[in-house]
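So the chains spell out like this:
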Amino acid sequence: MSSLKMPDLDEAVLARRGEIARALAERTAPDRVIVEPTSLAPYETDGLTAYKQLPMLVVLPDTVAEVSAVLSYCHENGIKVVPRGAGTSLSGGALPLADGVLMSMMRFNRVLDVDFDNRCAVVQPGVTNLGVTRAVEHEGFYYAPDPSSQIACSIGGNIAENSGGVHSLKYGLTTNNVLGVEMVLITGEVIRLGGKHLDSEGYDLLGLIVGSEGLLGVVTEVTVRLLRAPETARAALIGFPTSEAAGACVAAIIAAGIIPAGMEMMDAPAIAAAEAFVHAGYPLDVEALLIVELDGPPVEVDALLSRVEAIARANHATECRVSTSEAERMNFWAGRKAAFPAVGRLAPDYLCMDGTIPRKALPLVLARMRELSEHYGLAVANVFHAGDGNLHPLILYDANKPGELTAAEDFGSDILRLCVEVGGVLTGEHGVGVEKRDLMPTMFNEVDLDHQMRVKCAFDANGLLNPGKVFPQLRRCAELGRMHVHAGAIPFPDIPRF
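Here's what I pulled together on the structure shown here.

Focus on the overall build of the chain
Now for step 1: Counting its regular elements, the chain contains 16 helices and 20 strands.
Now for step 2: What you see for the chain is a C-alpha radius of gyration of 23 Å, in line with the 23 Å of a compact globule of 498 residues.
Now for step 3: If one aligns the C-alpha atoms of the chain with their principal axes, the spans along those axes are about 65 × 60 × 55 Å.
Now for step 4: Nonlocal contacts in the chain, meaning residues at least 24 apart in sequence, comprise 72% of its contacts between residues at least 6 apart.
Now for step 5: Between the mean site of the 41 positive side-chain charges and the mean site of the 62 negative ones, the chain shows a separation of 2 Å.

Following this line, the structure appears as structure tokens:
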């Protein structure tokens, strides 16, 4: 593993590895506890492959009762647990611990109920994102959030990171499309939040769980919102001479009151890589490419596309092609959906960043990223959800060259600091994990972070669920009440102390 700081190893737990494996086998089945190093290797990393660590062991529960029994045992014995879905996380959210149990939820892979009358489906967390749509598309429905990894990523992982996708601009992120969950707390207690109804009374605990990155509990069942497939959908492929012009066009479209179903942007390196990979017919003589999709009744779509084309021309677009068939529309998206693996052909390694900015800041941020690229001597390809300002710069490097990984990490950190500087946030859909953990103080002060940690402590007082993620200071809940002393002076010294 790299020099990334993680919680100190619990040698006492490591010494009991065999005993723990036997105990978990009794609570699940012998063939669902993995202890051999060669069999553990597939779990040593997630989509953030710069960091690797073999887990102490892996357990694959099959029922809610088994999840409850495993978590209860780990809670009673002070054993850390890292929940894992399909392992596509790009922020290190599923990075294992050498003294922890990695709980894979991929045996929870069944669609339990499809309720078209209430426009929802109940699925287990190991069902893939695309699997939900596949289960309902025969009746003209679909599940809206569509990350680029939707063919592989799991619904449980989507909940952990509050994943988005190319159509989140109009239809929202995971949090806007999940109606309820069943989850197991670290104590083994099974709870339900929400359900098939649209809203729940009281505090929005469901909103708290979505995006909690496995720190609060393990989700075992999900109720998702289903949408009717739009009557028609058409996409425009628009080329620009500069990234700044494309960014200005994005802002102008939204300012005109047009909310596309999706609005994606790629710069020249990403365009070239995607075209070589997919052969989608992308123009190679432009510096930036927008894909703008409109959906709804045909008359409305046609009218909006005309307005979008006029706005694009006013912002110096050099090419504008509108899809004339469903096959052509899907071809436009094929390159964008394959952009991440396509860029992987340009360098041995890359870091996929994830920050969000106000749309008006797109031209400035793109220009600053070019300057950073020159400063660090590393190329960067940009593929992102332009409509909601969610950037995905792909920093290219070679881990076999001394210093390049560190330079890539520093480059990425500077990009994220830039996002915060212009009024944005550290993450849009990939989560904090370990990648952005130590950058949290750039956005939150100590009071902010302490209050966030109090939420964690309310669910997991001993810090056993996915420790070492999200919070920059590796400390325990008991430390929250301690007084901070700076330069020998306590805060508010005039207040009487008891």
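After presenting the structure, the write-up continues.
So, the pairing of strand 14 (residues 288-296)
Now for step 1: With 9 of 9 residues buried, strand 14 lies mostly within the body of the structure.
Now for step 2: Every second residue of strand 14 is oriented toward a common face, with Ala288, Leu290, Val292, Leu294 and Gly296 on one face and Leu289, Ile291, Glu293 and Asp295 on the other, all of them buried.
Now for step 3: As judged from the 9 bridges shared by strand 12 (residues 232-240) and strand 14, these two strands associate in the antiparallel manner. Along strand 14, the bridge assignment pairs Ala236 with Val292.
Now for step 4: Relative to strand 14, strand 13 (residues 262-267) is paired through 6 bridges, and the arrangement is antiparallel.

Here we look at the nonpolar core
Now for step 1: One finds Ile238, Phe240, Leu290 and Ile395 to be the most contacted residues of the largest nonpolar core, which totals 95 residues.
Now for step 2: The dominant element in this core, judged by the number of residues it contributes, is helix 15 (residues 404-421), at 8 residues.
Now for step 3: Beyond its immediate chain neighbours, meaning those up to four positions away, Ile238 contacts Ala288, Leu289, Leu290, Val292, Val308, Ala312, Ala317, Glu319 and Cys320.
Now for step 4: Counting 26 residues, the second largest nonpolar core, distinct from the first, contains Val13, Val33, Met103 and Phe108.

What to know about the sheet that holds strand 15 (residues 319-322)
Now for step 1: As summarised here, the arrangement of the 7 strands in space is 15-12-14-13-18-20-16, forming an open sheet in which the pairing is antiparallel. Where the open sheet ends on each side, the last strands, each with one partner, are strand 15 and strand 16 (349-352). Neighbour-to-neighbour, the strand axes of this sheet turn through a mean angle of 15 degrees, independent of strand direction.
Now for step 2: Note: strand 12 against strand 15, 4 bridges, orientation antiparallel. Looking across to strand 15, one finds that Gly239 is bridged to Glu319.
Now for step 3: Packed on one face of the sheet, helix 10 (residues 268-278) meets strand 13, strand 14 and strand 18 (380-384) and runs near 95 degrees to strand 13.
Now for step 4: Sheet contacts for helix 12 (residues 326-337): strand 12, strand 13, strand 14, strand 15 and strand 18; angle to strand 12, the most-contacted strand, approximately 50 degrees.

Section: the packing of helix 9 (residues 243-255) against helix 11 (residues 298-314)
Now for step 1: Following both chains from N to C, one finds helix 9 and helix 11 inclined at 140 degrees, their axes separated by 9 Å at the closest point. Classed by the angle they form, the pair helix 9 and helix 11 counts as oblique. For the crossing formed where helix 9 meets helix 11, the hand is right-handed. Residues Cys249, Ala252 and Ile253 of helix 9 pack against Val308, Ile311 and Ala312 of helix 11.

Structural notes on the packing of aromatic side chains
Now for step 1: Considering all chains together, one arrives at 3 aromatic pairs under this definition.
Now for step 2: Pairing Tyr376 with Phe411 gives two aromatic rings, centres 5.4 Å apart and planes at 15 degrees, and the pair type is stacked. In this pair, Tyr376 sits in helix 14 (residues 362-376) while Phe411 sits in helix 15, placing the two residues 35 residues apart along the sequence.

Observations concerning the packing of helix 9 against helix 14
Now for step 1: Running from N to C, helix 9 and helix 14 point in directions that differ by 155 degrees, and their axes come no closer than 8 Å. Comparing their axes, helix 14 and helix 9 come out roughly antiparallel. In terms of crossing hand, the pair formed by helix 9 and helix 14 is right-handed. Of helix 14, the residues touching helix 9 (which contributes Ser243, Glu244, Gly247, Ala248 and Val250) are Leu362, Pro363, Leu366, Ala367 and Arg370.
Now for step 2: Here the contact of helix 9 with helix 14 is composed, by residue class, of 6 nonpolar, 2 polar and 2 charged.

Some remarks on the sheet that holds strand 3 (residues 80-84)
Now for step 1: Strand order across the open sheet formed by 4 strands is 1-2-4-3, with mixed pairing between neighbours. Of all the strands in the sheet, just strand 1 (33-34) and strand 3 have a single pairing partner and so form its edges.
Now for step 2: Relative to strand 4 (residues 100-104), strand 3 runs parallel, the two being bridged by 5 bridges. Paired with Val81 across the strands is Val101, a residue of strand 4.
Now for step 3: With respect to the sheet, helix 2 (residues 17-27) is in contact with strand 1, strand 2 (57-59) and strand 4, its orientation differing from that of strand 2 by roughly 5 degrees.
Now for step 4: Where helix 4 (residues 64-77) meets the sheet, it contacts strand 2, strand 3 and strand 4, and its direction lies at approximately 165 degrees from that of strand 4.

Parameters at a glance
- Residues numbered from 1 in each chain as written.
- Predicted model: local features only at pLDDT ≥ 70, side-chain atom pairs only at ≥ 80, totals over all residues.
- Heavy atoms only, no water.
- Helix = DSSP H or I, 4+ residues; strand = E, 2+ residues; numbered from the N terminus.
- Rg over C-alpha atoms; globule rule 2.2 N^0.38 Å.
- Contact = heavy atoms within 4.5 Å.
- Lys, Arg positive; Asp, Glu negative; His and termini not counted.
- Charge placed at Lys NZ, Arg CZ, Asp CG, Glu CD.
- Buried < 20%, exposed > 50% of the residue type's maximum accessible area, 1.4 Å probe, protein only.
- Pairing = 2+ DSSP bridges.
- Core = buried A, V, L, I, M, F, W, Y, C linked by side-chain atoms within 4.5 Å.
- Axes fitted to C-alpha atoms, helices over the stretch in contact; angles between N-to-C directions.
- Parallel < 35°, antiparallel > 145°, perpendicular 65-115°, else oblique.
- Left-handed = near helix turned anticlockwise from the far one by under 90°.
- Phe/Tyr/Trp six-rings, centres within 6.5 Å; stacked < 30°, edge-to-face > 60°.
- Nonpolar A, V, L, I, M, F, W, Y, C, P; charged D, E, K, R; others polar.

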